[in-house]
Amino acid sequence: MVRTRVGYGGGTTKKPAYRSIGDHSEALQIDYDPSRITYERLLDIFWMSHDPGMRPWSTQYRAVIFYHDEAQKRLALASREREAAKRKERIYTEVLPFTGFTLAEDYHQKYRLQQEPDLLARFDAIYPSMKDFVNSTAVARVNGFLGGYGSRELLEEEINSYGLPAREKQQLLDRLSASRPLFRGCAL
């Protein structure tokens, strides 16, 4: 993952916000390096990360894939068909064209990292502006690891690139050792 940001998409409401979302859905925007992970692999992770057989109780919380071009549309629809065949149930996840994205409020960004005050303070010092913090690859990756995505081996390979001092690196490794198992083979 190069960058992840949370926000709102798929609607027509001008300037959606959490308390005035209108017809938008909560969305995760992912920027990725296709030489490291394919769109197909991202779709696999998406299907593992939610219950597509659960009927959404509102537009705000629906499961949806927003595609950017015909190739993504084709792959997303094919993956949804495979998921339906595998599960033998109706799939409620929608596949829709991308029409825009509005960044969510700051307090919604990097939720997992915000639960770790020492790590958050260190990244706040490295990225004093919220824009830089939200757009940081290191912040996105640490937030993903804290959320249970990626392998410990991958974290150990790249932890030196995050700009963290030894204490915070060890804290991150210790925190992940005590948390739920990570998705094996899930290269962020």
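Because the structure is predicted, anything quoted here is derived from the model rather than measured.

K.L.:
Before we go on, may I ask you to explain the packing of aromatic side chains in this structure?
P.N.:
Both the distance between ring centres and the angle between the ring planes are used here to describe each pair of aromatic rings. Evaluation of the coordinates by the stated rule reveals three aromatic pairs. With centroids separated by 5.2 Å and ring planes inclined at 70°, the aromatic side chains of Phe 46 and Trp 47 adopt a geometry described as edge-to-face. Given the relative accessible area of 4%, Trp 47 is considered buried.

K.L.:
Which parts of the structure should I look at to understand the pairing of strand β1 (residues 3-9)?
P.N.:
Side-chain direction in a regular strand flips from residue to residue, so the side chains alternate between the two faces of the sheet. Burial runs high along β1: six of the seven residues are buried. With seven bridges connecting them, β1 and strand β2 (residues 25-31) associate as antiparallel partners. Opposite Arg 5, over in β2, you have Gln 29 as the bridge partner. The sheet contact formed by β1 and strand β5 (residues 101-103) spans three bridges and is antiparallel.

K.L.:
In this structure, what is going on with the nonpolar core? I would like to understand it.
P.N.:
Generally speaking, a soluble globular protein has its nonpolar side chains buried in company with each other. Counting residues in hydrophobic clusters, the biggest one holds 19 residues, and the most contacted among them are Leu 113, Phe 123, Leu 155, Tyr 162 and Leu 172. Elements with a contribution of two residues or more to this core: α4 (117-126), α5 (130-135), α6 (137-146), α7 (152-158) and α8 (166-178). Of all the elements, α6 adds the most residues to this core, at five residues. When sequence neighbours within four positions are dropped, the list of residues in contact with Tyr 162 reads Phe 123, Ile 126, Ala 138, Arg 141, Val 142, Phe 145, Leu 155 and Leu 172.

K.L.:
Looking at this model, I keep getting lost on the pattern of salt bridges. Mind explaining?
P.N.:
Where charged atoms from two side chains of opposite charge come close, those side chains can pair. Evaluated as defined, the whole model comprises twelve salt bridges. The closest approach of N and O atoms between Arg 62 and Glu 94, which form a salt bridge, is 3.4 Å. Taken together, the residues span a long stretch of sequence, with Arg 62 in the loop between α1 (39-48) and β3 (64-67) and Glu 94 in strand β4 (residues 94-97) at a distance of 32 residues. Judged by relative accessible area, which is 14%, Arg 62 ranks as buried. Of the charged contacts in the structure, one is a salt bridge between Glu 83 and Arg 87, with a shortest N-O distance of 2.6 Å. Of this pair, Glu 83 and Arg 87 both sit in helix α2 (residues 70-87), separated by four residues, roughly a single helical turn. A relative accessible area of 7% places Glu 83 in the buried class. Among the residues examined, Arg 87 registers a relative accessible area of 31% and is labelled partly exposed. What emerges from the salt-bridge pattern is a single network uniting Asp 51, Glu 83, Lys 86, Arg 87 and Glu 89.

K.L.:
Sorry, what's going on with the environment of Ile 91 here?
P.N.:
Counting through the fold element by element, Ile 91 comes out in the loop between α2 and β4. For Ile 91, a relative accessible area of 12% translates into the label buried. Between the alpha carbons of Ile 91 and Ala 76 there is a distance of 13 Å; along the sequence they are 15 residues apart. Every residue in contact with Ile 91, bar those within four places of it in the chain, is listed here: Trp 47, Pro 52, Arg 80, Glu 83 and Ala 84.

K.L.:
Mind showing me how you'd approach the sheet that holds β5 here?
P.N.:
Through backbone hydrogen bonds, the strands of a sheet pair up, either in parallel or in antiparallel fashion. An order of β2-β1-β5 is seen for the three strands of this open sheet, with the pairing classed as antiparallel. The sheet is open, and its two edges are formed by β2 and β5, each paired on a single side. Neighbour to neighbour, the strand axes of the sheet diverge by 50° on average, direction disregarded.

K.L.:
Quick question: what am I supposed to make of the confidence of the model for the protein chain here?
P.N.:
A residue-level look at the protein chain finds 94% of positions with pLDDT of 70 or above and a mean pLDDT of 91. Contacts for the low-pLDDT stretch residues 182-188, under 50 throughout, to residues beyond four places or in other chains number 28 contacts.

K.L.:
I tried to follow the environment of Lys 169 on my own but got confused; where do I start?
P.N.:
Mapped onto the elements of the fold, Lys 169 is located in helix α8. Separated by eleven residues in the primary sequence, Lys 169 and Glu 158 have C-alpha atoms spaced 11 Å apart. Setting aside residues up to four positions removed in sequence, Lys 169 forms contacts with Ile 159, Asn 160 and Leu 164.

Rules used throughout
Residues numbered from 1 in each chain as written. Predicted model: local features only at pLDDT ≥ 70, side-chain atom pairs only at ≥ 80, totals over all residues. Heavy atoms only, no water. Phe/Tyr/Trp six-rings, centres within 6.5 Å; stacked < 30°, edge-to-face > 60°. Buried < 20%, exposed > 50% of the residue type's maximum accessible area, 1.4 Å probe, protein only. Helix = DSSP H or I, 4+ residues; strand = E, 2+ residues; numbered from the N terminus. Pairing = 2+ DSSP bridges. Core = buried A, V, L, I, M, F, W, Y, C linked by side-chain atoms within 4.5 Å. Contact = heavy atoms within 4.5 Å. Salt bridge = Lys/Arg side-chain N within 4 Å of Asp/Glu carboxyl O. Axes fitted to C-alpha atoms, helices over the stretch in contact; angles between N-to-C directions. pLDDT = per-residue confidence, 0-100.

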